[in-house]
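Below are the chains, spelled out letter by letter.
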Amino acid sequence: MKIPTVLSIAGSDPSGGAGIQGDIKTIFAEGCYGMGVVTGLTVQNTLGVSDVMPVPTEFLYRQIDEILCDIRPDAIKIGMIVSTEQVDVIVGLIKRHGLENVIVDPVIAPTSGAVFASEEVMKSMIEKLFPLSTLVTPNLPEAKRICEIIECQNLQLEDDAQKQYQAQVQSIDKSRIKIQSQSQPQSKPQSQTEIYGKAANLSAPELACFIGRSCGCNVLIKGGHAEGSSATDYLWTASDENMMGCTAEFKGDRVETTSSHGTGCALSSSIAANMAKGLTLEAAIDRGKEYVTAALKSDMHIGTGNGSIDHGALVRK
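Note that the structure is predicted; figures quoted are calculated from it, not measured. (Residues numbered from 1 in each chain as written. Predicted model: local features only at pLDDT ≥ 70, side-chain atom pairs only at ≥ 80, totals over all residues. Heavy atoms only, no water.)

Enquirer: Honestly, the nonpolar core in this entry has me stumped. Any pointers?
Expert: If you look at soluble globular proteins, the nonpolar side chains tend to sit buried side by side. Residues Ile78, Phe130 and Ile211 are the most contacted members of the largest nonpolar core, which totals 53 residues. By residue number, the principal contributor to this core is helix α8 (residues 204-215), which donates seven residues. In this view, Ile78 contacts Ile9, Ile90, Ile94, Val102, Ile103, Val104, Asp105 and Leu129; residues no more than four positions away in its chain are not counted. By size, the runner-up hydrophobic cluster in this structure holds 28 residues, among which are Ala272, Ala273, Ile285 and Tyr291. (Core = buried A, V, L, I, M, F, W, Y, C linked by side-chain atoms within 4.5 Å. Buried < 20%, exposed > 50% of the residue type's maximum accessible area, 1.4 Å probe, protein only. Helix = DSSP H or I, 4+ residues; strand = E, 2+ residues; numbered from the N terminus. Contact = heavy atoms within 4.5 Å.)

Enquirer: Hey, could you run me through the sheet that holds strand β7 (residues 218-221) in this one?
Expert: Hydrogen bonding along the main chain pairs the strands of a sheet, whether they run parallel or antiparallel. Pairing is mixed across the open sheet formed by nine strands, whose spatial order is β3-β2-β1-β4-β5-β6-β7-β8-β9. In the strand order of this sheet, the two ends are held by β3 (48-54) and β9 (246-250), each with one partner. With four bridges joining them, strand β1 (residues 5-12) and strand β4 (residues 75-78) adopt parallel strand pairing. Residue Val6 lies in a different strand from β4, and its bridge partner there is Ala75. (Pairing = 2+ DSSP bridges.)

Enquirer: Is there a simple way to explain the packing of helix α1 (residues 19-29) against helix α9 (residues 263-276) in this structure?
Expert: Working note: a packed helix pair is described by the angle between its axes plus the distance between those axes. Remark: α1 packs on α9, axes separated minimally by 9 Å, with the N-to-C direction vectors making an angle of 40°. Our classification of the angle between α1 and α9 gives oblique. Remark: the crossing between α1 and α9 carries right-handed chirality. Listed contacts from α9 to Gly19, Asp23, Thr26 and Ile27 of α1 are Cys265, Ala266, Ser269, Ser270 and Ala273. Here the residues of the contact of α1 with α9 are counted per class, giving four nonpolar, four polar and one charged. (Axes fitted to C-alpha atoms, helices over the stretch in contact; angles between N-to-C directions. Parallel < 35°, antiparallel > 145°, perpendicular 65-115°, else oblique. Left-handed = near helix turned anticlockwise from the far one by under 90°. Nonpolar A, V, L, I, M, F, W, Y, C, P; charged D, E, K, R; others polar.)

Enquirer: Please explain α9 as it appears in this structure.
Expert: Two residues of an α-helix separated by three or four positions point the same way, owing to the 3.6 residues in each turn. Its 14 residues place the ends of α9 20 Å apart at the C-alpha level, agreeing with the 20 Å of an ideal helix rising 1.5 Å per residue. Burial analysis of α9 places 13 of its 14 residues in the buried class, the great majority of the element. Looking one or two residues beyond α9, the residue adopting positive phi is Gly278, at roughly 105°. (Expected span 1.5 Å × (residues − 1).)

Enquirer: Explain the side chain of Ser133 here, please?
Expert: Along the polypeptide, Ser133 turns up in the loop between α4 (119-129) and β6 (135-136). On the basis of relative accessibility, which here comes to 8%, the residue Ser133 falls in the buried class. A distance of 2.9 Å separates a polar atom in the side chain of Ser133 from the backbone oxygen of Leu129. Not counting chain neighbours up to four residues away, the residues in contact with Ser133 comprise Val102, Val104 and Cys217. (Polar contact = N/O pair within 3.5 Å; in protein donor to acceptor, adjacent residues only side chain to side chain.)

Enquirer: Teacher, can you tell me more about the pairing of strand β2 (residues 33-45) here?
Expert: A regular strand places its side chains on the two faces of the sheet in alternate fashion. Bridge count between β1 and β2: seven bridges; the pairing is parallel. Across the sheet, Ile9 pairs through a bridge with Val37, a residue of β2. Handedness of the crossover joining β1 and β2 through α1 is recorded here as right-handed. Direction of pairing for β2 relative to β3: antiparallel, over a ladder of six bridges. When the sheet's bridge partners are listed, Thr42 is paired in β3 with Val52. (Right-handed = clockwise from strand over helix to strand, strands pointing away.)

Enquirer: Would you explain helix α2 (residues 57-68) in this entry?
Expert: Taking 1.5 Å per residue, twelve residues should reach 16 Å; α2 reaches 17 Å between its end C-alpha atoms and fits that length. All buried positions along α2 are accounted for by Leu60, Gln63, Ile64, Asp65, Ile67 and Leu68. Its buried side turned inward, α2 meets β1, β2 and α3 (84-97).

Enquirer: Explain unusual backbone geometry to me, please; I cannot follow it from the model alone.
Expert: In most cases, non-glycine residues show a negative phi, while peptide bonds are predominantly trans. The backbone of Asn101 shows a phi angle near 55°, a positive value even though the residue is not glycine. Looking at where Asn101 falls in the secondary structure, it is placed in the loop between α3 and β5 (102-104). Here Asp299, not a glycine, exhibits a phi torsion of approximately 50°, which is positive. Following the sequence through the fold, Asp299 ends up in the segment after α10 (281-297).

Enquirer: I would appreciate a short explanation of the pattern of salt bridges in the present structure.
Expert: Close approach of charged atoms allows side chains of opposite charge to pair. Tallied over the entire structure, the rule returns 14 salt bridges. Notably, a salt bridge pairs Arg145 with Glu148, separated by 2.9 Å at the nearest N-O pair. Taken as a pair, Arg145 and Glu148 lie in helix α5 (residues 140-170) at a separation of three residues, close to a single helical turn. On the basis of relative accessible area, Glu148 is assigned to the partly exposed category, the value being 31%. (Salt bridge = Lys/Arg side-chain N within 4 Å of Asp/Glu carboxyl O.)

What follows is the structure, given as structure tokens:
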């Protein structure tokens, strides 16, 4: 009997609702064998996160490498990353081992409490980790922040290119400049901000497209933070070599509950587990939505704050 294996690389949540603890519960519920590598320790309960302690980079490397040398995962879920050095370690090992079905949940901050990923960490993830990912799963606030960072990077690249061009022009003889301007007119590099506009004004499908085309990865924008009675997720996938892409909707109803802690971790882990079982990306997302909806509807009352979702709800149906 062969059981699909899933590796979660994420932070520790001692309250059990999210992070490594929530991921392992989800992976088990989806019929897979779960493994966990801890990126950071947190001090938290259902009322929020009060502190984060990163795992040393060398120790993180050893954790992942020891597993990969023994058990090759069929899928990987990546959650909280707290330093650029950690990004480099994870990216290096993904490349070295040629890992597939990499699902990234870019956790910037929990609903309540300390910030997990700084802007520098997010820049590093966008530049290095996202292009290696099968799917990136930000919620709406995270997606807008990611787009803002990409816009700033594009403007900086545009500015650097313009400065470089001006320096080259100043170092060339004026007669050569005149000839060059007639035969090879120089155009100002066009940034994607001119094409797409400001992140704050983009819809969820536009955010997914912007991130996907910028980073070369499939993107699922989660709709749990959207206004209204629905909770629709939007998937952008690259459909051809030109990266024009296409968008699919995964509709769902909003579930009113006081127990929603761990929804993002559960969705990404469920998708990873179902891809490990051989489902297509779209089918894995469908199953993930079903899993999370059932976990929310159970409405467990754990703790005095925003309690954990019920990771076993769908199993018991």
